[in-house]
Amino acid sequence: DLTDINEIPFQVHLIYTKPNGAQCLRVASAQITVTNDRSKAEKNANLNVIGTHVAQKAALLAKGGEYEQAQMETRAAQRFMLRNGVKKEALSEWSNQLQEVDDVLRSERKKEAPSGKRNYRNDSSVAAFSKQK
């Protein structure tokens, strides 16, 4: 139950090696304010991060033969972007990429329909998703 939680703390630890061979650890700490207001949360979301996450998730689903689920993920992201005022140029680019992905997914779903077997790891579906950013 997170009802009484107002902020969520998190840390990122980055371990790196300097050119002189010294190993270093950098720690970044922050707190994120929690909200129950969906519109407020969506308004403050980083749409580039959302788009990248969805493209990666959908590619993973398509690679595993989950073409319908991959389509649902990309459609949900498109609706999210529409709700949150993504500029027309960016949305148009996303939609064009989405159309290419949808074409590949529809084709793969048709191929598996007669046999009822899933096609795993089709390179054309993965290639279509990899173009998304």
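Just above sits the structure.
An account of the accompanying structure is given in this report. Since the structure is predicted, the reported quantities are computational estimates derived from the model, not experimental observations.

On to the overall build of the protein chain. A tally of helices and strands in the protein chain yields five helices and two strands. Along the protein chain, helices (α) and strands (β) appear in the sequence β-β-α-α-α-α-α when read from the amino end. Taken across its 133 residues, the protein chain has 27% of its residues classed as buried. Long-range pairs, those at least 24 residues apart, make up 56% of the contacts in the protein chain between residues at least 6 apart in sequence. Total accessible area computed for the protein chain in this model is approximately 9800 Å², and 52% of it derives from carbon and sulfur atoms.

We now examine helix H4 (residues 88–112). Relative to the 36 Å expected for 25 residues at 1.5 Å per residue, H4 spans 35 Å between its end C-alpha atoms, a close match to the ideal helical length. When we look at burial in H4, the residues that qualify are Leu-91, Trp-94, Gln-97, Leu-98, Val-101, Asp-102, Val-104, Leu-105, Glu-108 and Glu-112.

So, about the pattern of salt bridges. Taken as a whole, this structure holds three salt bridges when the rule is applied. For Glu-73, the salt bridge identified is with Lys-57, shortest N-O distance 3.4 Å. Here the residue Glu-73 occupies a position in helix H3 (residues 67–83), and Lys-57 occupies one in helix H2 (residues 47–63), the gap between them amounting to 16 residues. The exposure class of Glu-73 is buried, given its relative accessible area of 17%. Overall, Lys-57 belongs to the partly exposed group, its relative accessible area being 37%. Because the salt bridges share partners, they merge into one network encompassing Arg-38, Glu-42 and Arg-83.

Turning our eyes to something else, we now look at the packing of H2 against H3. Relative to each other, H2 and H3 sit at 170 degrees, their axes nearing to 8 Å. Here H3 runs roughly antiparallel to H2, going by the angle between their axes. Counted together, Leu-47, Ile-50, Gly-51, Val-54, Lys-57, Ala-58, Leu-61 and Ala-62 of H2 and Tyr-67, Gln-69, Ala-70, Glu-73, Thr-74, Ala-77, Phe-80 and Met-81 of H3 form the full contact between these two elements. Its residues placed into classes, the contact of H2 with H3 shows eleven nonpolar, three polar and two charged.

Okay, the pairing of strand E2 (residues 23–33) next. Of the strand pairs in this sheet, strand E1 (residues 7–17) and E2 are connected by eleven bridges, and their pairing is antiparallel. Note that in E2 the partner of Ile-8 across the bridge is Ile-32.

Their axes nearest at 9 Å, the elements H3 and H4 cross at an angle of 160 degrees. Our classification of the angle between H3 and H4 gives roughly antiparallel. Both H3 and H4 take part in a crossing whose hand is left-handed. When H3 is examined against H4, the residues Tyr-67, Glu-68, Ala-70, Gln-71, Thr-74, Arg-75, Ala-77, Gln-78, Met-81 and Leu-82 are found in contact with a partner set consisting of Leu-91, Trp-94, Ser-95, Leu-98, Asp-102, Leu-105, Arg-106, Glu-108, Arg-109 and Glu-112. Class assignment of the residues belonging to the contact of H3 with H4 gives a composition of nine nonpolar, four polar and seven charged.

Below, the discussion takes up the environment of Glu-7. With respect to the element layout, Glu-7 can be found in strand E1. Classification of Glu-7 by relative accessible area gives partly exposed; the value is 41%. Sequence-distant contacts of Glu-7, that is, excluding residues within four places in its chain, are made with Gln-31, Ile-32, Thr-33 and Val-34.

What counts as what
Residues numbered from 1 in each chain as written. Predicted model: local features only at pLDDT ≥ 70, side-chain atom pairs only at ≥ 80, totals over all residues. Heavy atoms only, no water. Helix = DSSP H or I, 4+ residues; strand = E, 2+ residues; numbered from the N terminus. Buried < 20%, exposed > 50% of the residue type's maximum accessible area, 1.4 Å probe, protein only. Contact = heavy atoms within 4.5 Å. Areas by Shrake-Rupley, 256 points an atom, 1.4 Å probe, with all protein chains shown as cover. Expected span 1.5 Å × (residues − 1). Salt bridge = Lys/Arg side-chain N within 4 Å of Asp/Glu carboxyl O. Axes fitted to C-alpha atoms, helices over the stretch in contact; angles between N-to-C directions. Parallel < 35°, antiparallel > 145°, perpendicular 65-115°, else oblique. Nonpolar A, V, L, I, M, F, W, Y, C, P; charged D, E, K, R; others polar. Pairing = 2+ DSSP bridges. Left-handed = near helix turned anticlockwise from the far one by under 90°.

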